[in-house]
Amino acid sequence: MSLQPIDPRYKPYNGPAAGWGALKSVTRFWLDSKQPFKNLRALLKTNQNGGFDCPGCAWGDSPEDGHIKFCENGAKAVNWEATKRRVDASFFARHTVSQLREQSDYWLEYQGRLTHPMRYDAATDRYLPVTWDDAFALIAQHLKALESPNQAEFYTSGRASNEAAFLYQLFVRAFGTNNFPDCSNMCHEASGTALIQSVGIGKGTVTFADFEHADAIFVLGQNPGTNHPRMLDPLREAVKRGAQVVCFNPLKERGLERFQHPQHALEMLTNGSEPLNTAFFRPALGGDMAAIRGIAKFLLQWEREAKDKGEPAVFDHAFIAEHTDGLQAYLDEVDATDWAHIEQQSGLSLNEIEQAARMYRRAERVIICWAMGITQHHHSVATIQEIANLQLLRGQIGRPGAGLCPVRGHSNVQGDRTMGINDRPPAALLDAIEKRFGFSVPRADGHNTIEAINAMLDGQAKVFIGLGGNFAQATPDSPRTHQALQSCNLTVQISTKLNRSHLTVGKDALILPCLGRTDIDRQANGPQAVTVEDSFSMIHASFGQLEPLSGSDMRSEPAIVAGIAKATLGNYPVNWDALIADYDRIRDLIADTIAGFQDFNKRVAHPGGFYLGNSAAARTWKTSVGRAMFKANALPQNLIHERIRGSGQQPDLILQTLRSHDQYNTTIYGLDDRYRGVSGQRHVVFANEADIHRLGLTPGQKVDMLSLWDDGIERKVEGFTLLAFDIPSGQAAAYYPETNPLVPLDSVGVGSHTPTSKFVAIRILPSRGNNVLAAG
Ligand SMILES: Nc1nc2c(c(=O)[nH]1)N[C@H]1C(S)=C(S)[C@@H](COP(=O)(O)OP(=O)(O)OC[C@H]3O[C@@H](n4cnc5c(=O)[nH]c(N)nc54)[C@H](O)[C@@H]3O)O[C@H]1N2
Ligand SMILES: Nc1nc2c(c(=O)[nH]1)N[C@H]1C(S)=C(S)[C@@H](COP(=O)(O)OP(=O)(O)OC[C@H]3O[C@@H](n4cnc5c(=O)[nH]c(N)nc54)[C@H](O)[C@@H]3O)O[C@H]1N2
Ligand SMILES: [Mo]
């Protein structure tokens, strides 16, 4: 079945990914930013030495080549941040918070940059201007009034720089808690958890250069055409030199199918495109672990056949003997997994799995990449360990052109964790902080995102501080999350743009406007650079380029954190003002405490930055046994959660919640999803046409969705247009964050606590007053 134009506003996209369509889209955003020429200058500085790090995704660049590196969605991110529009005191004087709550997420952010600190006034239901000193004093007063430091939650989103994140964790630990919920808890937490156990480090083992040497690149559960456009470059180069690109995705994402490079004029002119992928497999949602297990089972079968025939081995026995542990238990588990289970759970035929296994085996050097299609499931940790198991069988970790590549989301989400934004901090980090700063650090685990929401709901947590992000919209089970924030005594949002979290206020609430990546950050000793870490563990500096909209009333993230810290703790355990005067001083403290950062200031001055190193890539295994571990996990018996099955409910479809082409997480740039052929709307749900008819529904019809869980709470979203789409049967897809009310708070990954945003069991019903749109 192919794309079906049903709704008049829904037209299939036939062009290749990137190319002319991308340029058209960028130009529109450009002109709309109200300062197109300034932004052009800024864009030319993106990811250049002496420029700023793109505030978009965490994909890295080759440190050597000096080419201009930007992509359509990076351009949108820059323009969105570098707008001239202001959300200032007069804006808040015009709108009550209740009125603002009626507006869409798109409208809220579109109003412009936050430029003045504001405090919520419940009597008038408005935000009123407040001075920075009064804002800091209010926070200190609330924090000091708590019975325990564990009654405060300190959220971080992944745009915070290393310097801001380091100061934040230092302040919070000196205050006395490890309550660090962060966006990573909803993102790649499963990757970190799984890989620490398997290979001793929770990060990817490859660097940019490895992509140039790979014979096969597997891309699982990821949509790089939209979310990591610069990744299409190495994929395209790989195909050109004859390497295989093997995709596992239930949706035939356009960026993975065909691709044009907008910076290669010739290809744009001929409007041609080359096939990118050499194979495309479309698993069931949550079926990847079974698919990988199937590949491993074929390898095992071929290994035995080769042995019988005296042919060269399929496994890398030398590597296994020298570097790994647990092979036999794992192979027993592979033998115990039956083919029928693999086939049924993966949603793929044995022929398809065999084809994937052959491609895998044929390649001497394999990189496996993955993102949210893998990490946002109940059994994500086990799935990622299965990916690691497969790579270990053939020694595909720690040599050029091979390895593990969790492709990170936010531009500095990996760096924030390195800096100690961690609710379950490793002892070595805490020891180092204790030794350097001489206070006794809290040792108990803190709250992750889900635990923080529960603590606020229970009244145990009373203060919420968000260093960036949009907690109210990014988290699952929206009505409950909103209630959690609203039951706090104080909510504080350190932000660049207005979003729903600012309107989901505690009894007291503050908006603290901060500088973004593109803004010039001037402090006592002059303009400051910050640093970030990309998906390949490259650390580099970022210099803001644009004059801030309000030099005196907006502050940098490090300065805001220091202001809160000083008001709360005084000059303890450091002189906060002195650190802010010159961020080199913060980096010196990082060098003293965080492993791998010795001589930080000197090394980061090197063009392109420096490589932090990766123990697994060096074949040093920091696991409990000092070796890489095969992890023998059983396939889930059933992907539908037992709490649903136990209550006797049957889903109509399994829903994944994903990103459109015109959004950055909860930031909505526009209402189009070009590659999927949707324009002017976001309240849509994609389903297979046969399923639509099976359920007695009609394409184009308005539907409501209810999710299944066993706690008696009704979770519902209404008025979505049902679109017949090329999607495997039994599945549905709809955009996040609109569908977050459907994700039950306690439907989370085992060991990762990540909401199962890619596997929501739903019922789907005609909306009341339902109207069928005419076919277009
Ligand atoms: N422009 C832009 N860039 C971004 C972002 C953005 O919102 N906009 N967000 C940033 C962030 S924080 C992140 S984490 C990344 C997210 O990057 P992605 O992970 O690419 O984001 P999603 O849109 O969630 O896409 C998930 C993909 O996985 C597929 N999928 C879903 N379930 C399954 C499954 O069970 N198995 C398999 N094999 N595939 C599945 C979906 O069809 C979809 O193609 O992007 C980052 N970059
Ligand atoms: N259903 C569902 N839910 C999901 C996901 C999903 O796929 N499905 N994905 C999850 C993932 S992968 C992630 S990472 C989270 C994202 O969760 P968050 O990181 O919390 O959300 P964002 O939408 O990225 O945050 C946007 C806001 O950040 C602020 N901001 C932007 N730039 C800056 C800056 O430089 N500094 C500061 N201080 N603030 C800034 C702006 O005010 C903006 O409104 O959402 C998760 N939620
Ligand atoms: Mo993410």
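Refer to the preceding data block for the structure.
Everything numeric in this text was worked out from a predicted model, so none of it was measured.

### Some remarks on the pairing of strand S5 (residues 126–129)
At step 1: Where strand S4 (residues 118–121) meets S5, 4 bridges bridge the pair, whose relative direction is antiparallel. Counted as the bridge partner of Tyr120 is Tyr127 from S5.
At step 2: In sequence, S4 turns back onto S5 through a hairpin of 4 residues, with Asp125 there showing a positive phi of about 55°.

### So, the site of ligand 2
At step 1: The environment of ligand 2 is made up of 31 residues, and the closest members are Glu109, Tyr155, Ala474, Glu557 and Thr666.
At step 2: Measuring from an oxygen atom of ligand 2, one finds a backbone N or O atom of Gly469 at 3.1 Å.
At step 3: The separation between a nitrogen atom of ligand 2 and a polar main-chain atom of Ile494 is 3.0 Å.
At step 4: Contact with the protein chains removes 97% of the 930 Å² of surface that ligand 2 exposes when unbound.
At step 5: Looking at the shell around ligand 2 residue by residue, the classes come out as 10 nonpolar, 15 polar and 6 charged.
At step 6: Each of domain 2 (86–187 + 417–598) and domain 4 (642–766) gives at least three residues to the shell around ligand 2.

### Points about the pattern of salt bridges
At step 1: Summed over all chains, the structure comprises 39 salt bridges.
At step 2: Between Glu354 and Arg358 there is a salt bridge, and its shortest N-O distance comes to 2.6 Å. Of this pair, Glu354 and Arg358 both sit in helix H18 (residues 350–362), 4 residues apart, which is roughly one turn of that helix.
At step 3: Take Glu354: its relative accessible area is 22%, and that puts it in the partly exposed class.
At step 4: Among the salt bridges present, the one from Arg763 reaches Asp652, with a minimum N-O distance of 3.5 Å. Separated by 111 residues along the polypeptide, Arg763 in strand S31 (residues 760–766) and Asp652 in the loop between helix H31 (642–645) and strand S24 (653–658) bring together distant segments of the chain.
At step 5: Residue classification places Arg763 among the partly exposed residues on the basis of a relative accessible area of 36%.
At step 6: By relative accessible area, Asp652 is classed as buried at 14%.
At step 7: What emerges from the salt-bridge pattern is a single network uniting Glu72, Lys76, Asp662 and Arg674.

### Here we look at the site of ligand 1
At step 1: In the vicinity of ligand 1 lie 31 residues, with Asn249, Glu253, Asp288, Gln663 and Asn665 positioned nearest.
At step 2: Here an oxygen atom of ligand 1 and a backbone polar atom of Gly286 are 2.8 Å apart.
At step 3: For ligand 1, an oxygen atom lies 3.3 Å from a polar atom in the backbone of Gly373.
At step 4: Among the residues making up the shell around ligand 1, the classes are represented as 11 nonpolar, 16 polar and 4 charged.
At step 5: Taken together, domain 3 (190–407) and domain 4 (642–766) each give at least three residues to the shell around ligand 1, which thus spans both.

### Focus: the layout of surface pockets
At step 1: Its boundaries defined by the atoms lining it, the largest pocket holds a volume of some 1,200 Å³.
At step 2: Contributing to the lining of the largest pocket are 38 residues, with Ile196, Ile201, Gly202, Lys203 and Pro426 lying nearest its centre.
At step 3: Contributions of two or more residues to the lining of the largest pocket are made by helix H9 (189–199), helix H21 (413–418) and helix H22 (427–437).
At step 4: Looking at the lining of the largest pocket, its residues break down into 11 nonpolar, 20 polar and 7 charged.

### Some thoughts on helix H17 (residues 339–346)
At step 1: Buried residues of H17: His341, Ile342, Gln345 and Ser346, and no others. Along the axis of H17, the buried positions cluster into a sector of 110°, meaning they face one direction only. Summarising the geometry of H17, the exposed residues directed more than 90 degrees from the buried face are Ala340 and Gln344.
At step 2: Where H17 is buried, its residues contact helix H14 (288–309) and H18.
At step 3: Remark: Gly347 follows H17 within two positions and exhibits a positive phi of approximately 75°.

### With respect to the sheet that holds strand S21 (residues 538–543)
At step 1: The 3 strands are arranged S20-S21-S22 in an open sheet whose pairing can be described as antiparallel. Bordering the open sheet on either side are strand S20 (529–533) and strand S22 (610–611), each of which pairs with just one other strand.
At step 2: Here S20 pairs with S21 via 5 bridges, running antiparallel. The partner of Ala529 across the bridge, within S21, is Phe543.
At step 3: The strands that helix H8 (residues 162–175) touches are S20 and S21; relative to S20, the one it contacts most, it runs at about 85°.

### Things to note about the sheet that holds strand S30 (residues 731–735)
At step 1: With mixed pairing, 6 strands are arranged side by side around a closed barrel as S24-S30-S27-S29-S28-S31. Recorded for the sheet is a direction-independent mean angle of 45° between the axes of neighbouring strands.
At step 2: Relative to S30, strand S27 (residues 684–687) runs antiparallel, the two sharing 3 bridges. Each residue of the ladder has a partner; that of Phe686, found in S30, is Ala733.

### Looking at H9
At step 1: Burial analysis of H9 places 9 of its 11 residues in the buried class, which makes it a mostly covered element.
At step 2: Those residues of H9 that sit buried are Glu189, Ala190, Ser191, Gly192, Thr193, Ala194, Leu195, Ser198 and Val199.
At step 3: Where H9 terminates, the next one or two residues include Gly200, which has phi positive at roughly 85°.

### Section: the packing of aromatic side chains
At step 1: Overall, the coordinates contain 35 aromatic pairs when judged by the stated rule.
At step 2: With a centroid separation of 6.0 Å and 90° between ring planes, the pair formed by Phe154 and Phe171 is classed as edge-to-face. Note that Phe154 is positioned in strand S6 (residues 152–156) and Phe171 in helix H8, a separation of 17 residues in sequence.
At step 3: Residue Phe154 is classed as buried on the basis of its relative accessible area of 0%.
At step 4: Measuring from ring centre to ring centre gives 4.6 Å for Phe298 and Trp339, while their planes differ by 45°; the resulting arrangement is tilted.

Scoring rules and cut-offs
Residues numbered from 1 in each chain as written. Chains lettered and ligands numbered in written order. Predicted model: local features only at pLDDT ≥ 70, side-chain atom pairs only at ≥ 80, totals over all residues. Heavy atoms only, no water. Pairing = 2+ DSSP bridges. Helix = DSSP H or I, 4+ residues; strand = E, 2+ residues; numbered from the N terminus. Near = heavy atom within 4 Å. Polar contact = N/O pair within 3.5 Å; in protein donor to acceptor, adjacent residues only side chain to side chain. Areas by Shrake-Rupley, 256 points an atom, 1.4 Å probe, with all protein chains shown as cover. Nonpolar A, V, L, I, M, F, W, Y, C, P; charged D, E, K, R; others polar. Domains from an automatic or database assignment. Salt bridge = Lys/Arg side-chain N within 4 Å of Asp/Glu carboxyl O. Buried < 20%, exposed > 50% of the residue type's maximum accessible area, 1.4 Å probe, protein only. 1 Å grid on protein atoms, 1.4 Å probe; cavity = no way out; pocket = protein on both sides within 12 Å on 5 of 7 lines; lining within 4 Å. Points joined across faces, edges and corners; volume = space filled by probe spheres on them. Arc of directions from axis to C-beta. Contact = heavy atoms within 4.5 Å. Axes fitted to C-alpha atoms, helices over the stretch in contact; angles between N-to-C directions. Phe/Tyr/Trp six-rings, centres within 6.5 Å; stacked < 30°, edge-to-face > 60°.

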